[in-house]
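Coordinate inspection notes
If you want the building blocks of each chain, they are given just below.
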Amino acid sequence: MAEQPTGLRSWIFTTDHKKIGVMYLVTALVFFVVGLLLAAVMRTENLDMARKTIIIGPYLYNVFFTIHGAAMVLFWMIPVLLGFFANYMIPLMIGAHDVAFPRLNALSYWFYVGSGLIAVCGLILPGRLDIGWTGYAPYSLVGGANTAFYVFAVHLLGASSISGAVNFITTIITLRAPGMTWGRLNLTVWGLLGAFIIQLVGVPVLAAAVTLLLFDKYLGTSFYNAFKGGNPLLYEHLFWFYGHPAVYVVALPVFGIVSDIIATFARKKIFGYTSMVIAIMLITVVGFETWVHHLFVAGTLNWSRVVFMWATIFIGVPTGIKIFNWLATLHKGSIELTAPMLYALGFISLFTIGGVTGVANGLVGFDISVHDTHWIVAHFHYVLAISMSMLIMGGIYYWFPKFTGKMYNEKLAKFAFWLTLIGAMVAFFPQFIIGYDGIPRRYWKLPVEYTPHMRIAAIFSYIAIIGFFLTLYNFLHSAMKGKPASSNPWNSKSLEWQIPSPPPFYNFEKIPVITEGPYEYGKPEGEAPKGH
Amino acid sequence: MENVAHGGAQAVHHHEVELSIWPLIVGIGAFLVPISFMVHFSWEAPSTFALLGAGVAVVLLLVGLFGWVNEVHAKKEEVGLSKVAIVVFIISEVALFGGLFGGYFYTMLLSPSWPPVSTPEGVPPIELALLLTFFLVTSSAWMHMAETKLEHGDMGGFKTWLSVTFLFGLAFLVGMAYEWNHLIGDGFNISVNTYGTFFYTITGFHGSHVIVGLALQAFLMILALGGKISKKKQTLTKVTGLYWHFVDIVWLLVLSMIYVIPYFKVGQ
């Protein structure tokens, strides 16, 4: 065993999956803060519909929601899940010393940082991106925005995602410890595997879509140029072929983490493990057959609208199975309401509201009335943005003792949870009403009668943001000054809790031999946990 | 896989490295490529800066990748995980070409005629394409010969067949360059109509994959001449072989979709 290097060198030249994971976490949290601050400014702009400019004008409003969307989806949620959680947890959960390709893993991280720097250029340098995180042609081609920022940020991030996907899929296939069968993997690993498969197949298509955008802008090609026989709808198709499954890239790992948290704190074996795995894989596959619902009002053919409506609604089935399985796991469990558990329960409630409105959106008839209105904003903030971001906080709390070796402040964690939950629940609800009235989104100002709605939204969004900032303070403070944590404070049966906190450099002194799954609760106390 | 018998994965992974400078070097190189592009096209700085940036990027990328592979190859034993990884990677390549061909079909089906009427006579040049096909398909067979020789430990035969593979691949590229040059001279360029747009984009994407394949073969040759490839160190050769066969299969798709279908001038 080599001596452990220290100092700055040990971080920037590292190939250790745990250090790379922590670097992902810190970087992603920086982008999360950027996204939150941009949201706060936009909400402030909405405080009074009668006054013209409050802080930013209409142009900067467009820039802000572009970077807000990109930062939150591409630079916060996906990297924190597929960068931090995957890096830190997969080798520990499958019983490996590291990932299959440690150097490639480091390169994935640097691609991500490079991409983030270019995205920041898109916020501050002239030719700011005001094209939405979707970058729809033709506006991204004919507007004043510097579309190259957008394209290159997607390219580098795509390189990061694809190399990460290749690395982790290979790791899960080849580096499982003896006895770690597919049926004994944590659901977090299954969820991450599904997400990596989506990345592997989806990201290249997005990369192709934006490359063609670059060609149209700088080489005079005619992919999306209607004057020369091209079709801007082609961009929407290619974009959403990845853009919609990207939602499941976030959702599947989150589903896995929720399952792990609930099993641990209900002290019960997860209900319906096999159906959970089948549901994850079903979502992975069917997720690629729903993208046209983003184009229901764009002039797509009627038969395709019907087909994709059915596929969209069908996704509700495996998702519903997961929700019922969680509830069944909770049923008659010995529930312990720690902060991670609160986040898991909060997630289920927010996600259910978002999911049910999602089924409604999937219906062509209903979608035609609410397409591109504030209803959609409310829907995806419930189903994706807030619920998933909150659960990510819960996941960080859950493994906080493991990766820092310290305990977080439980009281502050719970207080911040309630602030965020109440803030988020109320903040987005008015937008369901505004959207139901048919008011389109992405406008700087709404009709004056919506001032009260948007005031409620603004005030409660501040509350949610304060909650998030308290959570971040808790992380930072506890990581430095928290009380030392034991190796397994939650008495979990999962493999990552059977080694010291924080894990030693090689994770396992000797690769363990696995004899049972991660959720074997309810057996007589004193029975040896798996691994030795 | 053998490991299924006892229900886990078998690959023993020696955690041999903790620090490596190469990922950061490659990362900086990759970051400088788009920056150089933007320096010229977006920030309108003199093109010397862009060329300088691109030059530094290329040097960093080459040095970084060389140092990287050298570091990996210095190990005594191979685990051979790359053979799994390349298959996974090829799935993402399939998706990339799937996206491009999907766009091609979409545009073709919405067009009143294919290729559009503004396409000059003699396009697509199908005879030359068939010659290119000959070079690439046979080079795939030569690559297989090289792999077989290596499996038998015949290093001389390996180097010979690898050289033949490389030369046939190179002949493909030269033919493609000739074709592009000729077509552009005839007024069929990338912005003439949607067919020209897709023609150059898809053949260009495929050609860039041929270049990567040739670079891998050249690198294998350097390693083989330095005595760093043997019967016990086959992984990189297997990876190159799989990639090269994939590039070959994609060409058959390019041939049928981009050359053969427009050759019959649907709807004109």
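For clarity, every value in this text was computed on a predicted model and none was experimentally measured. (Residues numbered from 1 in each chain as written. Chains lettered and ligands numbered in written order. Predicted model: local features only at pLDDT ≥ 70, side-chain atom pairs only at ≥ 80, totals over all residues. Heavy atoms only, no water.)

1. Looking at the overall build of chain A
Just so we agree on the cut-off: A run of H or I in DSSP becomes a helix once it reaches four residues, and a run of E becomes a strand once it reaches two; helices and strands are each numbered from the N terminus. The size measure is the radius of gyration over C-alpha atoms, and the globule rule it meets is 2.2 Å times the number of residues to the 0.38 power. For every residue, the accessible area (1.4 Å probe, protein chains only) is compared with the maximum for its type, and the residue is labelled buried under 20%, exposed over 50%, or partly exposed between those bounds. By definition, residues are in contact when any of their heavy atoms lie within 4.5 Å. Exposure was quantified through the Shrake-Rupley algorithm and a 1.4 Å probe, taking into account, for residues, occlusion by the shown protein chains and nothing else. We treat Lys and Arg as the positive residues and Asp and Glu as the negative residues; His and chain ends play no part in the count. Lys charges are placed at NZ, Arg charges at CZ, Asp charges at CG and Glu charges at CD.
Helix and strand content of chain A: 17 helices and two strands. A globule of 532 residues ought to have a C-alpha radius of gyration of about 24 Å, and chain A, at 23 Å, matches this closely. When the backbone C-alpha atoms are referred to their principal axes, chain A occupies close to 70 × 50 × 50 Å. Looking at chain A as a whole, 65% of its 532 residues are labelled buried. Taking all contacts inside chain A whose residues are at least 6 apart in sequence as the whole, residues at least 24 apart take part in 81%. Per element, the accessible surface of chain A, about 18,300 Å² overall, is 71% carbon and sulfur. Of the charged side chains in chain A, 32 are positive and 22 negative; the average position of the first set lies 4 Å away from that of the second.

2. Describing the overall build of chain B
If you tally the helices and strands in chain B, you get seven helices and zero strands. Along chain B, helices (α) and strands (β) appear in the sequence α-α-α-α-α-α-α when read from the amino end. Once the C-alpha set of chain B is aligned to its principal axes, its extents read approximately 60 × 45 × 40 Å. Here chain B holds 268 residues, and the buried ones make up 48% of them. Here the analysis covers contacts within chain B between residues at least 6 apart in sequence; of these, 81% occur between residues at least 24 apart. Only carbon and sulfur atoms are counted for the fraction: they give 73% of the accessible area of chain B, which is about 12,400 Å². In chain B, the 11 positive side-chain charges and the 16 negative ones have mean positions that sit 14 Å from each other.

3. Examining the interface of chain B and chain A
The line we're drawing: Accessible area that two parts lose when put together, evaluated with a 1.4 Å probe and summed over both, is termed the buried area. By definition here, a salt bridge exists when the distance from a side-chain nitrogen of Lys or Arg to a carboxyl oxygen of Asp or Glu is within 4 Å. Pairs of N or O atoms within 3.5 Å make up the polar contacts considered here, provided that, within protein, one atom can donate a hydrogen while the other can accept it, and that residues adjacent in sequence are counted only when both atoms are side-chain atoms. Amino acids are sorted into nonpolar (Ala, Val, Leu, Ile, Met, Phe, Trp, Tyr, Cys and Pro), charged (Asp, Glu, Lys and Arg) and polar (every other residue, Gly among them).
Each side of the interface is counted separately: chain B has 56 residues, and chain A has 68 residues. Between chain B and chain A lies a buried interface of about 5,200 Å² when both sides are counted; carbon and sulfur atoms form 74% of it. Across the contact surface, chain B and chain A share one salt bridge. In this structure, Arg103 of chain A and Glu71 of chain B form a salt bridge, with 2.7 Å as the shortest nitrogen-oxygen distance. There are three residue pairs in polar contact (both at pLDDT 80 or more) connecting chain B and chain A. Of all the elements in the fold, those that place two or more residues in the side of chain B that touches chain A are α1 (22–41), α2 (47–73), α3 (82–110) and α6 (194–225) of chain B. Sort the elements by how many residues they give to the side of chain B that touches chain A and α3 of chain B lands first, with 15 residues. Split into classes, the residues belonging to the side of chain B that touches chain A amount to 33 nonpolar, 20 polar and three charged.

4. Concerning the nonpolar core
Threshold: Residues belong to a common nonpolar core when they are buried Ala, Val, Leu, Ile, Met, Phe, Trp, Tyr or Cys residues joined through side-chain atoms within 4.5 Å.
One finds Trp76, Tyr224 and Phe347 of chain A together with Ile258 of chain B to be the most contacted residues of the largest nonpolar core, which totals 251 residues. The element that contributes the greatest number of residues to this core is helix α3 (residues 58–94) of chain A, accounting for 25 residues. The contact partners of Tyr224 of chain A, leaving out residues within four places of it in the chain, are Ala137, Leu141, Ala209, Leu212, Leu213, Asp216, Gly230, Asn231, Pro232, Leu234, Tyr235 and Leu238 of chain A.

5. A short note on a nonpolar patch on the surface
Just so we agree on the cut-off: Only residues whose relative accessible area exceeds 30% and that form no salt bridge are eligible for patches; like-charged ones are grouped when within 9 Å, while nonpolar side chains (Val, Leu, Ile, Met, Phe, Trp, Tyr) are grouped when within 5 Å.
A cluster of nonpolar side chains, contributed by Leu282, Phe314, Val317 and Ile321 of chain A, occupies part of the molecular surface with about 300 Å² of accessible area. Relative to the elements of secondary structure, Phe314 of chain A occurs in helix α11 (residues 302–330).

6. With respect to the packing of helix α4 (residues 126–151) of chain B against helix α7 (residues 235–263) of chain B
All names here are of chain B. To keep things clear, this is the line we draw: Interaxial angle, 0 to 180 degrees, is taken between N-to-C directions of lines fitted to C-alpha atoms, where a helix line uses only the stretch in contact. For this classification, under 35 degrees means roughly parallel, over 145 means roughly antiparallel, 65 to 115 means roughly perpendicular, and everything else is oblique. Handedness of a helix crossing follows the sense of rotation of the near helix relative to the far helix, less than a right angle counterclockwise being left-handed and clockwise being right-handed.
Close contact between α4 and α7 brings their axes to 10 Å; oriented N to C, the two are set at 165°. By the criterion of interaxial angle, the relationship of α4 to α7 is roughly antiparallel. Here α4 and α7 pass one another in a crossing that is left-handed. Considered class by class, the residues forming the contact of α4 with α7 number 16 nonpolar, eight polar and four charged.

7. Considering the packing of aromatic side chains
To describe a pair of aromatic rings, you give the distance between the ring centres and the angle between the ring planes. Rules: The pairing test for Phe, Tyr and Trp rings, Trp by its six-membered ring, is centres within 6.5 Å, and the orientation test on the planes gives stacked under 30 degrees, edge-to-face over 60, and tilted for anything in between. Charge-over-ring placement is defined geometrically: NZ (Lys) or CZ (Arg) within 6 Å of the ring centre, and within 35 degrees of the ring normal.
Applying the stated criterion across every chain, the model contains 77 aromatic pairs over all chains. Measuring from centroid to centroid gives 5.8 Å for Trp142 of chain B and Phe168 of chain B, while their planes differ by 75°, and the two rings are edge-to-face. Taken together, the residues span a long stretch of sequence, with Trp142 of chain B in helix α4 and Phe168 of chain B in helix α5 (residues 155–185) at a distance of 26 residues. Overall, the relative accessible area of 24% leaves Trp142 of chain B in the partly exposed class. The lysine or arginine in question, Arg176 of chain A, covers the ring of Trp182 of chain A, its NZ or CZ lying 4.2 Å from the ring centre.

8. Focus on the side chain of Asn361 of chain A
All names here are of chain A. The residue Asn361 is located in helix α12 (residues 339–362) in this model. One polar contact links Asn361 to Trp375, side chain to side chain, over a distance of 2.5 Å. Leave out the neighbours within four places in its chain, and Asn361 touches Phe366, Asp367, Val370, Trp375, Ile376 and His379.

9. Thoughts on the confidence of the model for chain B
Residue and element names in this part refer to chain B. Here is the rule we go by: What pLDDT reports is the predictor's confidence in each residue, on a scale of 0 through 100.
Averaged over every residue, the pLDDT of chain B is 89; the share at 70 or more is 93%. Across chain B, the secondary-structure element scoring lowest on mean pLDDT is α2, at 90, and the one scoring highest is α5, at 96. Prediction confidence for the complex, expressed as pTM and ipTM, is 0.94 and 0.92 respectively.

10. Notes on the side chain of Arg305 of chain A
Residue and element names in this part refer to chain A. Topologically, Arg305 is positioned in helix α11. The charged side chain of Arg305 is buried without a salt bridge, its nearest counter-charge being Asp367 at 7.3 Å. Polar contacts involving the side chain of Arg305 include one to the side chain of Asn302, which spans 3.0 Å. In contact with Arg305, not counting residues within four places along its chain, are Phe296, Thr300, Val364 and Ile368.

11. Side note on the pattern of salt bridges
As enumerated under the stated definition, the model contains nine salt bridges over all chains in all. Note that Arg455 of chain A and Asp48 of chain A form a salt bridge whose closest N and O atoms lie 3.9 Å from each other. One end of the pair, Arg455 of chain A, is in helix α17 (residues 451–481); the other, Asp48 of chain A, is in the loop between α2 (17–45) and α3, and 407 residues separate them in sequence. Residue Glu147 of chain B pairs with Lys238 of chain B through a salt bridge whose shortest N-O separation is 3.9 Å. Highlighted residues: Glu147 of chain B in helix α4 and Lys238 of chain B in helix α7, separated in sequence by 91 residues. For the pair formed by Glu147 of chain B and Lys238 of chain B, the shared burial category is buried. Salt bridges sharing partners connect three or more residues here, namely Glu147, Glu151 and Lys238 of chain B.

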